[in-house]
Amino acid sequence: MAGARRGRWLLPLLAVGLLVAALAAAGSGQVAVPFEEVLGSVLHRLGLDLGPLPTHPRGDDTLWAVRFPRVAMAVVVGAALAVAGALMQGVFGNPLAEPSVVGVSAGAAVAAAASIVFSLGFAGDWTIAVCAFAGGLLTTLAVYALARADGRTEVVTLVLTGIAVNAVAGGALAFLMFAGDTQAREQIVFWQLGSLNGSRWEQVWVVAPLAVGGVVAALLAAGRLDLLALGERPARHLGVDVERLRVALVVVVALLTAAAVSFCGIVAFVGLVVPHLVRMVTGPGHRVLLWASMLAGALVLVVADTVARSFVAGADLPLGMLTSLVGGPFFFWLLRRTRRSAGGWG
């Protein structure tokens, strides 16, 4: 109940924060557009004759051709990664579970990189996303199978499985870079670093349906995730088909991860940090947790991407590098905290 009450103010606060951050992000860059002019441009596009239009001769075109597609991609990718992380933590019953930590993002990236190197085009604009989904799904199923022992998921096994999967994926990416041409190598390097640079509306329209479908499926499963948190046996007694639920949510995690990495590459630790911090505020109830994680993930990635392209003048820093610099120390802290609460793993 306390988490639900906190959610009543947290969700509107995150929504307002996301809106303000998105408008501020759209106005920042080499062609600076004041906040009120960004807001005026949006209102005029909505048919409302309110607020000033950009005074810079290229301001409006820059906003709608360059800035807003990038901001929209940040919103979609951040929301997808955060919800995927919250789902994985619920499915595995482990706060250390996250698509990049356990190698799911890397598996999706390998499959997408293979489609680039071998010039696959069987699904048109959706080819990379479909390959990323297949790679993420296979990796998630493998991690799920390897990390379970005696009906439960062990922390050490989960982390070690993720290390092994990431190592294999790194080798596969290296091979694909060796096998590909110069253009393919550059795309694979882009994937490994993670970036929203060059995002276009056409890409947003490919990624958004995948992300929306995954988020809707996650929200529909929120009640059963709450029952699963009680333990497998109580959940079964309450009518939950545990294995079917887990497999279904593994597919949803793969879908969300594919949406996130299909054009932007690996952006690590968003799915670890955001749901964990949100859970500390809202409590473990997934009905509030998933909504808050979605909004907070979008907000975090919009802010991180704004920092990435404005921190160094004239340079666009890799987004994945920034999230790893912040998320890595957080992961170490969470690992030690989990170990202490478990009484050691010796």
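Residues numbered from 1 in each chain as written. Predicted model: local features only at pLDDT ≥ 70, side-chain atom pairs only at ≥ 80, totals over all residues. Heavy atoms only, no water.

Asker: I tried to follow the layout of surface pockets on my own but got confused; where do I start?
Answerer: Empty pockets left among the atoms are what a rolling probe the size of a water molecule brings to light. When its volume is computed, the largest pocket comes out at roughly 540 Å³. Around the largest pocket, the lining comprises 26 residues; the ones closest to its centre are Ile116, Ile128, Gln187, Gln203 and Phe263. Elements represented by at least two residues in the lining of the largest pocket include exactly α4 (104-117), α5 (127-147), α7 (182-193), α8 (201-220) and α11 (242-264). With five residues, the top contributor of residues to the lining of the largest pocket is α7. Across the lining of the largest pocket, the residue classes tally to 10 nonpolar, 12 polar and four charged. (1 Å grid on protein atoms, 1.4 Å probe; cavity = no way out; pocket = protein on both sides within 12 Å on 5 of 7 lines; lining within 4 Å. Points joined across faces, edges and corners; volume = space filled by probe spheres on them. Helix = DSSP H or I, 4+ residues; strand = E, 2+ residues; numbered from the N terminus. Nonpolar A, V, L, I, M, F, W, Y, C, P; charged D, E, K, R; others polar.)

Asker: In this structure, what is going on with unusual backbone geometry? I would like to understand it.
Answerer: Leaving glycine aside, a negative phi is the common case for residues, and trans is the common case for peptide bonds. One non-glycine residue with positive phi stands out, namely Ser119, at about 50 degrees. Tracing the backbone through its elements, the reader meets Ser119 in the loop between α4 and α5. Here Ser119 falls in the exposed class, since its relative accessible area comes to 62%. Look at Phe269: it is not a glycine, yet its phi comes out positive at around 75 degrees. For Phe269, a relative accessible area of 16% puts it in the buried group. (Buried < 20%, exposed > 50% of the residue type's maximum accessible area, 1.4 Å probe, protein only.)

Asker: Just checking my understanding: could you explain the nonpolar core for this structure?
Answerer: Residues Leu87, Phe92, Leu249 and Leu256 are the most contacted members of the largest nonpolar core, which totals 89 residues. At 19 residues, the largest contribution of residues to this core is made by helix α3 (residues 59-92). Beyond its immediate chain neighbours, meaning those up to four positions away, Leu256 contacts Ala80, Val83, Ala84, Leu87, Ala211, Gly214 and Val215. Ala113, Val117, Ala169 and Leu176 belong to the second largest nonpolar core, which has 19 residues in total. (Core = buried A, V, L, I, M, F, W, Y, C linked by side-chain atoms within 4.5 Å. Contact = heavy atoms within 4.5 Å.)

Asker: Honestly, the packing of aromatic side chains in this entry has me stumped. Any pointers?
Answerer: Ring pairs (aromatic) are described by centroid distance and by the angle formed between their planes. By the definition in use, this model includes two aromatic pairs. A ring pair is formed by Trp64 and Phe68, whose centres lie 4.5 Å apart and whose planes are at 45 degrees; its orientation type is tilted. Of this pair, Trp64 and Phe68 both sit in helix α3, four residues apart, which is roughly one turn of that helix. For Phe68, a relative accessible area of 10% gives the class buried. Measuring from ring centre to ring centre gives 5.6 Å for Trp201 and Trp205, while their planes differ by 15 degrees; the resulting arrangement is stacked. Of this pair, Trp201 and Trp205 both sit in helix α8, four residues apart, which is roughly one turn of the helix. Among the residues examined, Trp205 registers a relative accessible area of 57% and is labelled exposed. (Phe/Tyr/Trp six-rings, centres within 6.5 Å; stacked < 30°, edge-to-face > 60°.)

Asker: Sorry, what's going on with the packing of α3 against α11 here?
Answerer: The angle between the axes and the distance between the axes are what describe a pair of packed helices. Across the interface, α3 lies against α11 with an axial gap of 9 Å and an inter-helix angle of 155 degrees. Between α3 and α11, the interaxial angle falls into the category roughly antiparallel. The element α3 and its partner α11 pack so that their crossing is left-handed. Judged by residue contacts, Met73, Val77, Ala80, Leu81, Val83, Ala84, Leu87, Met88 and Val91 of α3 engage Arg246, Leu249, Val252, Val253, Leu256, Thr257, Ala260 and Cys264 from α11. Looking at side-chain class alone, the contact of α3 with α11 contains 15 nonpolar, one polar and one charged residues. (Axes fitted to C-alpha atoms, helices over the stretch in contact; angles between N-to-C directions. Parallel < 35°, antiparallel > 145°, perpendicular 65-115°, else oblique. Left-handed = near helix turned anticlockwise from the far one by under 90°.)

Asker: Would you mind showing me how to read α3 here?
Answerer: Think of an α-helix as 3.6 residues a turn; residues three or four steps apart then line up on the same face. When the terminal C-alpha atoms of α3 are compared, their 47 Å separation across 34 residues agrees well with the 50 Å that a helix rising 1.5 Å per residue should span. Arg67 marks the point of greatest bend in α3, at about 40 degrees, and the proline Pro69 comes within the next four residues. Most of α3 is tucked away: 28 of the 34 residues are buried. Of the residues one or two after α3, Gly93 is the one with positive phi, at around 60 degrees. (Expected span 1.5 Å × (residues − 1). Bend = angle between axes of the 7 residues up to and from the residue.)

Asker: Is there a simple way to think about helix α12 (residues 270-282) in this case?
Answerer: Helix length check: α12, at 13 residues, gives a terminal C-alpha distance of 18 Å against a target of 18 Å (1.5 Å per residue), a fit within 8%. Taken together, the buried positions of α12 are occupied by Val270, Gly271, Leu272, Val273, Val274, Pro275, His276, Val278 and Thr282. One or two steps after α12, the chain reaches Gly283, where phi turns positive at roughly 90 degrees.

Asker: Hey, could you run me through the environment of Ala134 in this one?
Answerer: The residue Ala134 is located in helix α5 in this model. Along the sequence, Ala134 and Leu255 sit 121 residues apart, while their C-alpha atoms lie 8.7 Å from each other.

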